[in-house]
Every structure is written in C-alpha cells, then in structure tokens.
Amino acid sequence: GDSVTQTEGLVTLTEGLPVMLNCTYQTIYSNPFLFWYVQHLNESPRLLLKSFTDNKRTEHQGFHATLHKSSSSFHLQKSSAQLSDSALYYCALSMDSNYQLIWGSGTKLIIKP
Amino acid sequence: AQTIHQWPVAEIKAVGSPLSLGCTIKGKSSPNLYWYWQATGGTLQQLFYSITVGQVESVVQLNLSASRPKDDQFILSTEKLLLSHSGFYLCAWSLGWGEEQYFGPGTRLTVL
C-alpha cells in the first residue's frame with residue numbers, strides 16, 4: 001500500500017548549520033502530491049511546503065524541497081538552522097484519487113545555540 | 001476567509017465518562033473533514049474522515065466514533081473514556097482530492 005517513511009525520529013543540530021530531513025514515499029500512483037507540515041510545541045500542524053511537479057524546487061520561509069519521482073523522495077532542506085525551527089516535521093503523501101493524506105511518522109528537530 | 005473552530009479548548013474527564021468534541025468550519029462549502037489524535041509527545045494518528053454530511057469513514061478504531069450532522073460540523077465522541085484517550089485532538093479540513101489539509105487549534109484531553 002501507499003506509505004511515507006521518515007527515517008530520522010530525532011535530529012539535533014547547532015544553530016547555523018544546514019538542515020536536511022529525509023522523506024521517501026511509496027505509491028503505485030504516478031502523480032502523487034507531497035507535503036511538509038510543521039508543528040511547533042503546543043500548536044497544531046501547518047503546511048510548510050507542497051509539490052506535485054517532478055524535479056521542481058519549492059520554497060517557503062527559508063525551507064525548500066524538490067520532488068524526485070525517480071527516487072520517490074521529497075527531502076526538506078534549509079541552509080542555516082535557526083532556534084525557532086525547533087519543531088516536529090511531518091512529510092505527507094496524497095493522490096488525487098484519495099481523500100486522505102498518508103503521513104510519515106514525523107521528525108523532531110531540535111536546534112541548539 | 002475560512003475559519004475552523006474546535007470546542008472545548010481543553011477538557012479533564014474521568015475514566016468511564018462520556019465525551020463529545022466538536023469542530024465547525026465556516027466559509028467553505030462541503031469540505032472534507034478529518035479527525036486526528038496525538039498522544040503527548042507522539043505523532044499524528046488519523047481517526048476518521050468525512051466527505052459529505054451523514055457519511056464518516058473510520059481509519060483507526062480507538063473506541064471512538066464520529067458523526068457529521070451538518071455540512072460544517074464534525075463531532076467526535078465516546079460513551080466511555082479510557083486513560084489511553086488522553087492527548088491532543090485535531091480537526092482538519094480540505095477542499096478535496098490531493099489537497100492540503102488545514103488544522104484547527106485542537107482540543108487537549110486529559111483522562112484521569
């Protein structure tokens with residue numbers, strides 16, 4: 001079945017270093033939609049990025065990701081981590097034949113000074 | 001603009017007592033609606049979704065039920081709470097297939 005894998009449960013970085021959170025997915029559907037959500041402590045998740053275009057970089061609030069259908073990946077990156085980036089990050093998959101989002105297990109990102 | 005409201009904001013309940021949580025969406029006609037649960041320090045768990053009034057699909061059984069009595073309203077309930085029901089309950093909506101979901105502010109439930 002369809003699935004999303006986030007291999008890191010916890011990532012701890014020093015402020016100023018680059019961020020990369022991994023996301024791979026599995027689906028038989030050829031036109032998936034991929035999303036990154038961010039959830040800060042005691043808040044609800046909000047959309048950070050989305051894409052359905054192969055090999056096109058999408059950016060928002062300093063973060064970027066590129067959907068690579070050849071490798072079924074949608075990794076989240078940022079060039080320089082900030083303390084305020086500390087949060088839980090979810091990768092999610094959707095197909096336009098499905099009403100649901102398929103969620104990854106989430107990656108907790110902790111940025112230290 | 002669309003707004004999503006959840007009630008109550010927080011609730012403390014006894015084991016074995018009933019529960020009803022609500023969610024309303026304003027400014028959007030016939031949205032898809034979703035219920036999620038998140039244990040403290042845990043990850044999102046999708047519970048139910050609904051694409052139309054009166055129809056609810058279950059994703060995970062946690063001794064909870066859901067109903068959609070109106071186009072803009074989604075209710076989560078149980079007749080008997082368990083300790084394991086504690087957590088953060090989130091309602092979300094989307095426009096349709098392949099679309100992102102927008103989350104409400106959530107209800108924090110503590111079962112004692």
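Residues numbered from 1 in each chain as written. Chains lettered and ligands numbered in written order. Predicted model: local features only at pLDDT ≥ 70, side-chain atom pairs only at ≥ 80, totals over all residues. Heavy atoms only, no water.

### A look at the overall build of chain B
Here is step 1 of the chain: Within chain B one finds zero helices and 11 strands.
Here is step 2 of the chain: Its helices and strands in sequence order give chain B the pattern β-β-β-β-β-β-β-β-β-β-β, from N to C terminus.
Here is step 3 of the chain: The globule rule puts the C-alpha radius of gyration for 112 residues at 13 Å, and the 13 Å found for chain B is close to it.
Here is step 4 of the chain: Taken along its principal axes, the extent of the C-alpha atoms in chain B is 40 × 25 × 20 Å. (Helix = DSSP H or I, 4+ residues; strand = E, 2+ residues; numbered from the N terminus. Rg over C-alpha atoms; globule rule 2.2 N^0.38 Å.)

### So, the pattern of salt bridges
Residues and elements named next belong to chain A.
Here is step 1 of the chain: The full count for this structure, using the stated rule, is five salt bridges over all chains.
Here is step 2 of the chain: Among the ionic pairs, Lys78 bridges to Asp85, the shortest N-O distance being 2.7 Å. The same class applies to Lys78 as to Asp85, namely buried. (Salt bridge = Lys/Arg side-chain N within 4 Å of Asp/Glu carboxyl O. Buried < 20%, exposed > 50% of the residue type's maximum accessible area, 1.4 Å probe, protein only.)

### Some points on the pairing of strand S12 (residues 107-112) of chain A
Each regular strand carries side chains that alternate between the two faces of the sheet.
Residues and elements named next belong to chain A.
Here is step 1 of the chain: Residues Thr107, Leu109 and Ile111 point to one face of S12 and are all buried, whereas Lys108, Ile110 and Lys112, pointing to the other face, are not buried.
Here is step 2 of the chain: As paired strands, strand S2 (residues 10-14) and S12 are joined by five bridges and run parallel to one another. Residue pairing across strands places Val11 opposite Leu109, the latter belonging to S12. (Pairing = 2+ DSSP bridges.)

### Some thoughts on the nonpolar core
Here is step 1 of the chain: Trp36 and Tyr89 of chain A are the most contacted members of the largest nonpolar core, which totals 26 residues.
Here is step 2 of the chain: Elements represented by at least two residues in this core include exactly S2, strand S3 (19-21), strand S5 (33-39), strand S6 (46-51), strand S8 (63-66), strand S10 (87-94) and S12 of chain A.
Here is step 3 of the chain: If you tally residues by element for this core, the top one is S10 of chain A, at four residues.
Here is step 4 of the chain: By size, the runner-up hydrophobic cluster in this structure holds 20 residues, among which are Leu21, Trp37, Leu81 and Trp93 of chain B. (Core = buried A, V, L, I, M, F, W, Y, C linked by side-chain atoms within 4.5 Å.)

### A few points about the state of the cysteines
Here is step 1 of the chain: Scanning the entire structure with this criterion turns up two disulfides over all chains.
Here is step 2 of the chain: The disulfide partner of Cys23 of chain A is Cys91 of chain A, and the S-S distance across this bridge is 1.9 Å. Measuring the twist about the S-S bond at about -65°, one finds the Cys23 of chain A-Cys91 of chain A disulfide to be left-handed. Placement of the pair is Cys23 of chain A in the loop between S3 and strand S4 (24-26) and Cys91 of chain A in strand S10, with a sequence separation of 68 residues.
Here is step 3 of the chain: Between the sulfur atoms of Cys23 of chain B and its disulfide mate Cys91 of chain B the distance is 2.0 Å. Taking the torsion about the S-S bond as the criterion, the Cys23 of chain B to Cys91 of chain B disulfide, at about -75°, is left-handed. Within this pair, whereas Cys23 of chain B is found in strand S3 (residues 19-26), its partner Cys91 of chain B is found in strand S9 (residues 87-94), the two being separated by 68 residues in sequence. Across the pair, Cys91 of chain B and Cys23 of chain B agree in class, each one buried. (Disulfide = S-S within 2.5 Å.)

### Some points on the packing of aromatic side chains
For any pair of aromatic rings, geometry is given as the distance between the ring centres together with the angle between the planes.
Here is step 1 of the chain: Per the stated rule, a full pass over the model turns up 12 aromatic pairs over all chains.
Here is step 2 of the chain: Ring centres of Phe63 of chain A and Tyr89 of chain A lie 5.8 Å apart, and the angle between their planes is 45°; on these two criteria the pair is classed as tilted. Note that Phe63 of chain A is positioned in strand S8 and Tyr89 of chain A in strand S10, a separation of 26 residues in sequence.
Here is step 3 of the chain: What makes Phe63 of chain A buried here is its relative accessible area of 4%.
Here is step 4 of the chain: Taking the relative accessible area as the measure of exposure, Tyr89 of chain A reaches 1% and is therefore buried.
Here is step 5 of the chain: With 5.7 Å between their ring centres and 85° between their planes, Trp103 of chain A and Tyr36 of chain B make a pair best called edge-to-face. One end of the pair, Trp103 of chain A, is in strand S11 (residues 102-103); the other, Tyr36 of chain B, is in strand S4 (residues 32-38), on a second chain. Both residues of the pair, Trp103 of chain A and Tyr36 of chain B, count as buried.
Here is step 6 of the chain: Put simply, the rings of Phe35, Tyr37, Tyr90 and Trp103 of chain A together with Tyr36 and Phe103 of chain B touch in pairs and so form one group of aromatic residues.
Here is step 7 of the chain: Over the aromatic face of Phe88 of chain B sits the side chain of Arg108 of chain B, whose NZ or CZ is 4.2 Å from the ring centroid. (Phe/Tyr/Trp six-rings, centres within 6.5 Å; stacked < 30°, edge-to-face > 60°. Lys NZ or Arg CZ within 6 Å of the ring centre and 35° of its normal.)

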